[in-house]
Amino acid sequence: MECGGERRWSTSSCSSYRDEMRYLDDPAFPNNMTHTNTSLIVEMLDEYYFRFKRQILQYQSCTLGLFPSIGSKSNPSKVAYVRDSIYCAMASWAMAQAYRRIDDDRGRNHELSQACVKCMRGILFCWIRQADRVEVFKKNQSPKCALHSVFDMITGDSILEDEEYDHLQYFCGEEVWAGTTSIDVVALYLLTISQMTTSGLQIVYTTDEVNFIQNLVFYVERAYRTPDFGMWERGSKYNNGITELHASSIGMAKAALEAVNGCNMFGENGAAWSVIFVDIDAHNRNRTIFESILPRESSSKNTDASLLPTLCWPAFAIHENPIKYRAMGKVMRRLKGRFGIKRFLRDGYKTIMEDKARKYYRPAEVKNFDNIECEWPMFLIYMIIDCHFRRDKVEKAQYMEELQSLLFSSDDGQLVPKYYYVPRECVEQERANPGSQTKVASPEGTTAGVFLWGQSLFIIAQLLNDELLLVNELDVIRRYLPALERPKYSTRYSKFQGTAPDLVIQVVLMAESVRLQQLLATYGIQTQTPHQVEPIQIWSPKELTKAYSYLGVNSKLGLTGRPSRPFGVLSTCKIYRALGHTFICYPLLFEISDFYLAQDISLVMDDCKNDLAFLSKCWKLHGRPTWCMVIRENAIKGQNFGEFLGLLAQIKKGMVDGIHVRLGKLQSFTSSACLEHLDFLQAIPDTDIFQPFEEKQVSSSFKSLTDIPTASSIKDDFHLTEMELEHKSTPDLMHYFKSFSGFTNQASVLKILYQRDANTRMDGVPIKHKMELLITRAGVHKKWSVVRLLSGMLEKLVDSLAPSITTILVRGKQVTIGVFGKEEEVLDKPMAPNELKTLLYKMCAPHDIRQAVLQQELIIAIGKFISFNPSLFDGILKIRIGWIVQAMKMEITQEGSHIVDIHSLSPHRIKELLYGVLTRNKKEGDLRTPLQKRQLDGALNRVPRDFYSRVWKILEKTPGGIKVAGYLLPQQPTQSDMTMYELNFSLLVEQMLSKVVEPVYRQLIVEAFMVVSTILERNPELSFRQSVQMDKIMSEAFEEFRKDLQLEHCSDQDVTTRFFNTPPNVRHGTTAYIAKAVMKELLDGDMRCLAEDILINKKDPCLNVITFRGSPRIRPDWSKSHMGH
């Protein structure tokens, strides 16, 4: 015993006790304790109880139960921090859980439980007063509308106003560094309240509070697309007030959604309307984006210690061990030191070099903190707790030994310092030799008071180590177990369980009419109609969205419920029960849309297969998914009926592209389906507001396929140009419209009329209506150029465009829209549909209105491809839609077929062509010419795997920076602000390359960078004195190529084509000429050499790299004998 009777956890004082208590995991343990063991447990728990009261509980606010960040008797804080308070509540709850084993706990279990409840309710009180912020944030996810994270400890008032969050502020003389609440804090609160409520604590008292908790779920559901300030509430690494997507926030939100789904906020005896619901599609997006970002933390942070509580306790956000341990390994490898773990690289917080008077840093200031970042012992405790869950005693002992030497001994016991910092006199030595200097413990957590966050973790770890607390008591809902192994508490509400290895998708075929059902029956396809499945109803996704809009509504708090966002395919594959009815929703795919994609049956069938593949991969709920396919009469018209029957035949056989399905009647599937009871709808005043899908009433049946109306062939008898029509009067144009039978001429007339006056009427019918009718007719006849032209004129927008953009962006890509060769607009953050529409038509309409809708098709297709097969986009950081259209045009030309306008291709053919350009160089690279490969890779903006790190190394050797197409990438402040593997640096390089206007030339510039990098890597003593002029290097390589092959008499165009079509790594290849030009640039620029002799490195015959030793000397015949010939 030491430090006032405190037990040192690294000693063996409790080893005999632990040996006696190895049976603690036995569920019957509480009933089997001997009197001796009980006395020993009580003695140890009492010791921890008094320590907890001295170190933590005495600093709890008497009014709201909140905690400060630093607990000090001499200088008590007036500021409460939400995150620190949650961890203090966790420690109190852990102590209460430990006392539960004791029959006569002398009221301490109740005392500790109520201290925890008071804290959690205090946070709820502070946030519920900001319900208006929740209402705004759940709709637009603006950081300005986020909940606050610091409050007055006594009153619960906000410490800072919104406009004050941009500046360092003081409250009652205390420095306040926090910003608005990050997503992960709200998620941590939801996760913790779910754990505590499941353990039996009563935290939520009223229905109003239940509604508020439900709205907190809406608050975090879109974490996957919401840039926030992160765990450290500073945003990007540069601390400049800029938010970014953080993997730790997304992962914490994903874990919270799993924990709170189906949780009754009133406990096991709660009411039906106190259950929390989660959008499974939102959960899936958070899961997939979280996994795709790892092991990165964000665009500016290659890794971050905040990932530890996300990957381990308390969140356990991922159970795919390869991904998890890769991310954790990166944290430990890059950030661990002798005194703890750094938060992230170049973190200036509390370092000697940080200007304490400013909240934000200046440009390039983060370079000052390189290698002198503070190290936090607290994160070693996270690793110790994780070792308990993994039962890794060896690693646990190592971390315990490291931590023991970092603790501070005080009158109140051992304390955890907040951080260790490099003292001013050791800064230069530490920079020169990282890890060599002895860091000093911070006043916080030592002399200036107790660091409550770290101390709470320390007490929890000690309870686990002394086996007074079991991991199942700390993680009541078993987050640490894979979902399939967790206990199921209720079958009334959907629960996450992971994807079953032998998942079978239940398929219901719903014909919209009896005559369609009869027709399909003649081909052996059994379907049902809405009337035949009664009393079960068929709902559209819009009706389900309407139903969920009543979830969480509370007029007293000004909360309107779930935002009106469409549900994805996962949510539509449940069977729902509400208001005395049972119903199922068909997917959004089968909803009648204003956009023309549904007119292409081949595309619809492809999307059906994608839906099934998505379900087989992403279904994580208990019970089987039930997929309802609505078949409309339009689907059997036209040339694709045979292909459509083929898909139905695959479904009937039970296997669709390797996916197990089971076709049957809806009534027989309810027992094995995933069920969801929407009990919150019981309170709505009008139960007849929902309109189920109605069966189509028809007068007669189809006797055979020949009875189905088919599209007759219509051809343009002659073609008038728009120039010829523009000079005609409006009455003449209307006359022409009626006399023309061809779609192209009619579309041209309508376009001119619409441009003159959008409110024009023809035969009493608005011109817009005429255009809509022509779009439908042209779609039936596969006149896709006409369809796209008129859809563009009407500025149509596909429903899922904004989610598709988000899907692309959150995977670390950027999107540009605009016509090839014209101005482009970069999309680097999610946008609202109306904003996207305005931007899209602004960039495309002046050049080709058809591209405005064609690019929407491509964005939708790219969103699906990147979700199912992200490897297609390896090496592509910036997805330039206009350039991809150009790549597709080039591929059409190179196929050798007759000239085809890309706008006349069907949407399905566009999707196939897109897939082709993404894969062709990989699959058919040996069959393509160098020019074709360069054109395609250049148009796709594809670069080699280590390209950006090579550019970084070039920049290190180039004080004047790198210049491409007139754009200068400076060495400073680029390398002071950023690091080599930082995503932001890669995006900066792409910004430079985007100035190149020709795809093939762009690709050659990329190849030139690889050559420069190789030369500098093999000759580390070389560097450029001035900026690297990449265009000059390419020009000199081109001229040397012309001269060497004696092509002076040929035109520039012919020589250029020949140069572009020359392989890189062959004799007289482009690599050799580029290398020669690079060496000339180095030599002409007064190269810096430290050695004396010049040797030819003959290891690479395609790249004759020079190695220097001694003073610079040049072989007289070097250029001819080694590069030219």
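Look up a bit, the structure's there.
Residues numbered from 1 in each chain as written. Predicted model: local features only at pLDDT ≥ 70, side-chain atom pairs only at ≥ 80, totals over all residues. Heavy atoms only, no water.

1. As for the overall build of the protein chain
Each helix and strand counted, the protein chain has 41 helices and 31 strands in total. Each of the 1125 residues in the protein chain was classed as buried or not, and the buried ones make up 61%. Pairs at least 24 residues apart make up 73% of the contacts formed inside the protein chain by residues separated by at least 6 positions. A total accessible area of about 44500 Å² is found for the protein chain, and carbon and sulfur atoms account for 51% of it. (Helix = DSSP H or I, 4+ residues; strand = E, 2+ residues; numbered from the N terminus. Buried < 20%, exposed > 50% of the residue type's maximum accessible area, 1.4 Å probe, protein only. Contact = heavy atoms within 4.5 Å. Areas by Shrake-Rupley, 256 points an atom, 1.4 Å probe, with all protein chains shown as cover.)

2. Regarding the packing of helix H25 (residues 743–756) against helix H26 (residues 767–780)
Interhelical geometry of H25 versus H26 gives an angle of 155° and a closest axis separation of 10 Å. Between H25 and H26, the angle is such that the two are roughly antiparallel. Crossing angle aside, the handedness with which H25 passes H26 is left-handed. Taken together, the residues of H26 that come into contact with H25 (itself represented by Phe 743, Gln 746, Ala 747, Leu 750, Leu 753 and Tyr 754) are Ile 767, Lys 768, Lys 770, Met 771, Leu 774, Arg 777 and Ala 778. Considering only residue class, the contact of H25 with H26 consists of 9 nonpolar, 1 polar and 3 charged. (Axes fitted to C-alpha atoms, helices over the stretch in contact; angles between N-to-C directions. Parallel < 35°, antiparallel > 145°, perpendicular 65-115°, else oblique. Left-handed = near helix turned anticlockwise from the far one by under 90°. Nonpolar A, V, L, I, M, F, W, Y, C, P; charged D, E, K, R; others polar.)

3. A closer look at the nonpolar core
Among the nonpolar cores identified, the biggest contains 150 residues, and Trp 127, Tyr 189, Ile 213, Leu 216, Trp 313, Ile 385 and Ile 460 are the most heavily contacted of them. Of the residues forming this core, the biggest block, 13 residues, is contributed by helix H4 (residues 82–99). Listed in part, the 78 residues of the second largest apolar core include Tyr 596, Ile 775, Val 786 and Ile 817. (Core = buried A, V, L, I, M, F, W, Y, C linked by side-chain atoms within 4.5 Å.)

4. Let's talk about the pattern of salt bridges
As a working rule, side chains carrying opposite charge can pair if their charged atoms are close by. Per the counting criterion, the structure on display carries 63 salt bridges. Here Lys 556 makes a salt bridge to Asp 208, at a shortest N to O gap of 2.7 Å. Of this pair, Lys 556 sits in the loop between helix H19 (541–548) and strand E16 (575–578) while Asp 208 sits in helix H8 (residues 207–221); the two residues are 348 residues apart in sequence, bridging distant segments of the chain. Asp 208 gets classed as partly exposed once you look at its relative accessible area, which sits at 22%. One salt bridge in this structure joins Glu 512 and Lys 696, with 4.0 Å as the shortest N-O distance. Taken together, the residues span a long stretch of sequence, with Glu 512 in the loop between strand E14 (505–511) and helix H18 (514–521) and Lys 696 in the loop between strand E21 (675–677) and helix H23 (722–726) at a distance of 184 residues. Three or more residues are tied together by salt bridges with common partners; here these are Glu 512, Arg 515, Arg 632, Glu 633 and Lys 696. (Salt bridge = Lys/Arg side-chain N within 4 Å of Asp/Glu carboxyl O.)

5. So, the packing of aromatic side chains
Taken as a whole and judged by the stated rule, the model has 46 aromatic pairs. Ring geometry for Tyr 361 and Phe 369: centres 5.1 Å apart, planes at 50°, overall tilted. Over the ring of Tyr 205 we find Arg 121; its NZ or CZ atom is 3.8 Å from the centre of that ring. The residue whose ring lies beneath Arg 880 is Trp 883, and the NZ or CZ to ring-centre distance is 3.9 Å. (Phe/Tyr/Trp six-rings, centres within 6.5 Å; stacked < 30°, edge-to-face > 60°. Lys NZ or Arg CZ within 6 Å of the ring centre and 35° of its normal.)

6. What about H8?
With 15 residues, H8 extends 21 Å between its outermost C-alpha atoms, agreeing within 8% with the 21 Å of an ideal straight helix rising 1.5 Å per residue. With 13 of 15 residues buried, H8 is to be regarded as a mostly interior element. (Expected span 1.5 Å × (residues − 1).)

7. Side note on the pairing of E14
Of all 7 residues in E14, 7 are buried; the element is thus mostly enclosed. Side chains Ile 505, Val 507, Leu 509 and Ala 511 project from E14 onto one buried face, and the interleaved Gln 506, Val 508 and Met 510 project onto a second face that is buried too. One ladder, built from 3 bridges, connects E14 with strand E20 (residues 659–663); its direction is parallel. By the bridge assignment for E20, Gln 506 is matched with Arg 662. In this sheet, strand E18 (residues 626–631) lies alongside E14 in parallel orientation, the contact comprising 6 bridges. Paired with Ala 511 across the strands is Ile 631, a residue of E18. (Pairing = 2+ DSSP bridges.)

8. Considering the pairing of E18
The buried fraction of E18 amounts to 6 of the 6 residues, a majority that puts the element mostly inside the structure. Here E18 shows no split at all, with Thr 626, Cys 628 and Val 630 on one side and Trp 627, Met 629 and Ile 631 on the other all buried.

9. Description of the state of the cysteines
Any covalent bond linking the sulfur atoms of two cysteines counts as a disulfide. Counted according to the given criterion, the structure contains 0 disulfides. Cys 88 provides the cysteine sulfur closest to Cys 119, a residue in no disulfide bond, and the two sulfurs are 6.8 Å apart. Here Cys 126 stays free of any disulfide, with the sulfur of Cys 119 as its closest cysteine sulfur at 9.7 Å. (Disulfide = S-S within 2.5 Å.)

10. Regarding the sheet that holds E20
Sheet architecture is open: 4 strands sit in the order E18-E14-E20-E19, paired in mixed fashion. Pairing within the sheet leaves two strands with one partner each, and these edge strands are E18 and strand E19 (655–656).

11. Structural notes on the side chain of Asp 386
Counting through the fold element by element, Asp 386 comes out in helix H13 (residues 378–390). A residue is classified by how much of its surface remains accessible, and Asp 386, at 1% relative accessible area, is buried. Excluding anything up to four places from it in sequence, Asp 386 contacts Cys 312, Phe 316, Lys 324 and Met 328.

12. Brief notes about the sheet that holds strand E25 (residues 825–827)
Taken together, the 3 strands give an open sheet; going across it, the order is E25-E24-E26, and neighbouring strands pair in mixed fashion. Each edge of the sheet is formed by a strand with only one pairing partner; in this case those strands are E25 and strand E26 (878–880). Neighbour to neighbour, the strand axes of the sheet diverge by 25° on average, direction disregarded. Taken together, the 3 bridges between strand E24 (residues 814–817) and E25 define a ladder with antiparallel strand orientation. Across the sheet, the residue bridging to Val 815 is Leu 827, located in E25. The strands that helix H28 (residues 801–809) touches are E24, E25 and E26; relative to E24, the one it contacts most, it runs at about 135°. Each of E24 and E26 is contacted by helix H31 (residues 881–894), which is oriented at about 60° to E26, the strand it contacts most.

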